[in-house]
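Structure at a glance
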Amino acid sequence: MGTPKPRILPWLVSQLDLGQLEGVAWVNKSRTRFRIPWKHGLRQDAQQEDFGIFQAWAEATGAYVPGRDKPDLPTWKRNFRSALNRKEGLRLAEDRSKDPHDPHKIYEFVNSGVGDFSQPDTSPDTNGGGSTSDTQEDILDELLGNMVLAPLPDPGPPSLAVAPEPCPQPLRSPSLDNPTPFPNLGPSENPLKRLLVPGEEWEFEVTAFYRGRQVFQQTISCPEGLRLVGSEVGDRTLPGWPVTLPDPGMSLTDRGVMSYVRHVLSCLGGGLALWRAGQWLWAQRLGHCHTYWAVSEELLPNSGHGPDGEVPKDKEGGVFDLGPFIVDLITFTEGSGRSPRYALWFCVGESWPQDQPWTKRLVMVKVVPTCLRALVEMARVGGASSLENTVDLHISNSHPLSLTSDQYKAYLQDLVESMDFQGPGET
């Protein structure tokens, strides 16, 4: 038989008495209250030692073996929190996890205090589970369970599934003429969290350019995402709403350029697929046409530098992470950073226009998630104003919202706190 799993409370008391983990300490002489560091993993000042207690518990329970398993800070943190929340003799006394200088939580023993651990631990012990007394953070973990949080042998989004039925005609966004006043809701009812709900349809504005000339623009919304294709005749069983790029003869006059563009479009084959899973946007090419991508400004691609990557053919590739975007957006609302970028540019059939005018490329496609544009615009117009401003998330089942600047910032911060996952540089 394997080594029995330790019980969280006696193990935690031993760690507190040892005092070897950064920020983990008793806060009163009677040893009934203690503090745990609770820094969010997306903060720029986050260090490995900020998560020492979570890693130590993962190692103690056998969930993580250094050198064998891939580090997974969010899962360690979530499992540690769940283990604490199952203990009836312990309560969360103070939640200072949003303190900008010293984020932490203070817990308190409410029964006989420390030392009475002679009785067997009869509480349920399942990773990530919880009881009806679990805190709101555990409830959020369950609601966002479809997000890519847990470590996987081959990290990636859910595989592209065949769409059972064709998507309806492109959806139009609700009008901003009659915004719905937003009531005073609790953190669990943050309207911005709709952005993460599985099944919510993000709206995408697709714009195509041939040799720098805009030839097409369409706004679509579909649960399975979209597929850029070069012909209306294609495999309708493939997932994603097909967005057919126009024939160049409708807008170009140079016969040579028209011929090259048609060749690129014919090589798209099954198309270039783009869809959302959790906090990520993923892309995959289903044809033979090499495609390079970058996240850049709306007005022009970042052609002075190389691409962010090439869209893979045989697997899904992440092209946008909502987490860092929201973090940068919060910094922008505070006036200490630039506006975050959110426009996805794709160079189809040719290498990225590095050190060359992007207008020389045959086919360039820009895809803008309109919900991200709306969030940035809200940050710009809200600024230092205390008046209500209207934001339309441009996702399914949503209505325009009237929020003050302070409400908006609070909802953004709450959204970040609920997105307990690794940043792109940690995968």
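Structure shown above.
Described in the following lines is the structure provided in the data block. Given the structure is predicted, the values throughout are model-derived calculations rather than measurements.

Reading the values: the criteria
- Every chain is numbered independently, its residues counted from 1 as its sequence is written.
- Local features in this predicted model are restricted to residues whose pLDDT is 70 or higher, and side-chain atom pairs enter the listing and the counts only when it is 80 or higher, whereas totals over whole chains, interfaces and linings include all residues.
- In computing side-chain properties, one takes all heavy atoms of the structure into account and sets aside hydrogens as well as water.
- Two strands qualify as a pair provided DSSP detects at least 2 bridges between them.
- Secondary structure elements follow DSSP: runs of H or I no shorter than four residues count as helices, runs of E no shorter than two count as strands, and numbering proceeds from the N terminus.
- For helices, the fitted line uses only the C-alpha atoms of the stretch in contact; every axis is such a line through C-alpha atoms, and the angle between N-to-C directions lies from 0 to 180 degrees.
- Exposure classes here rest on a 1.4 Å probe applied to the protein chains alone. A residue is buried below 20% of its type maximum, exposed above 50%, and partly exposed in between.
- Contacts were defined at the residue level, with two residues in contact if any of their heavy atoms lie within 4.5 Å.
- Any Lys or Arg side-chain nitrogen found within 4 Å of a carboxyl oxygen on Asp or Glu counts as a salt bridge.
- Throughout this description, a polar contact denotes any pair of N or O atoms lying within 3.5 Å of each other; where both atoms belong to protein, one of them has to be capable of donating a hydrogen while the other can accept it, and for residues adjacent in sequence the pair is counted only when both atoms sit in side chains.

This part is about the sheet that holds strand E8 (residues 226–229). Read from one edge of the open sheet, five strands run E9-E8-E10-E11-E14, paired in mixed fashion. For this open sheet the edge positions go to strand E9 (241–244) and strand E14 (317–321), each flanked by a neighbour on one side alone. Looking at each pair of strands side by side, their axes are set apart by 25 degrees on average, direction ignored. Relative to E14, strand E11 (residues 280–285) runs antiparallel, the two being bridged by four bridges. Bridge pairing in E14 links Trp280 to Asp321.

Most of strand E10 (residues 272–277) sits out of view: six of its six residues are buried. Neither face of E10 is open: one carries Leu272, Leu274 and Arg276, the other Ala273, Trp275 and Ala277, and all of them are buried. As paired strands, E8 and E10 are joined by three bridges and run antiparallel to one another. Bridging across to E10, Leu226 finds its partner in Leu274. Both E10 and E11 contribute to a ladder of six bridges, which runs antiparallel. Residue Ala273 lies in a different strand from E11, and its bridge partner there is Gln284. Taking the residues between adjacent antiparallel strands as the criterion, E10 and E11 are bridged by two residues, where Gly278 takes a positive phi near 65 degrees.

Let us look at the environment of Tyr64. Here Tyr64 shows up in the loop between helix H2 (52–60) and helix H3 (73–85). The exposure class assigned to Tyr64 is buried, which follows from its relative accessible area of 8%. Each C-alpha atom, one on Tyr64 and one on Trp76, is 8.6 Å from the other, the two residues being twelve residues apart in sequence. Apart from residues lying up to four places away in sequence, Tyr64 is in contact with Gln55, Ala58, Glu59, Asp69, Lys70, Pro71 and Trp76.

One open sheet accounts for four strands, arranged E1-E2-E4-E3; its pairing is antiparallel. Each edge of the open sheet carries a strand with a single partner, namely strand E1 (25–26) and strand E3 (90–96). Pairing of E3 with strand E4 (residues 104–109), which is carried by six bridges, proceeds in the antiparallel orientation. Bridged to Asp95 within E4 is Lys105.

A side chain of one charge can pair with a side chain of the opposite charge if their charged atoms are brought near each other. Enumeration over the complete set of coordinates arrives at 14 salt bridges. A salt bridge links Glu108 to Arg91, with the shortest nitrogen-to-oxygen separation between them at 2.7 Å. Here Glu108, found in strand E4, pairs with Arg91, found in strand E3; they are 17 residues apart in sequence, far enough to count as distant. What makes Glu108 buried here is its relative accessible area of 17%. You can call Arg91 partly exposed: its relative accessible area is 39%. Among the salt bridges present, the one from Asp247 reaches Arg262, with a minimum N-O distance of 2.9 Å. Of the two residues, Asp247 sits in the loop between E9 and helix H5 (255–266) while Arg262 sits in helix H5, which places them 15 residues apart along the sequence. Judged by relative accessible area, which is 34%, Asp247 ranks as partly exposed. Since its relative accessible area comes to 37%, Arg262 is described here as partly exposed.

So, on to the side chain of Arg33. You can see Arg33 is positioned in strand E2 (residues 33–37). Looking at Arg33, its side chain comes within polar contact range of the side chain of Glu94, at 2.8 Å. Not counting the four nearest positions on each side in its chain, Arg33 is found in contact with Trp26, Val27, Asn28, Arg91, Ala93, Glu94, Ile106, Tyr107 and Glu108.

Okay, unusual backbone geometry next. Even without being a glycine, Arg31 presents a positive backbone phi close to 55 degrees. Tracing the backbone shows Arg31 in the loop between E1 and E2. With phi around 55 degrees, Arg211 is a residue other than glycine that occupies positive phi space.

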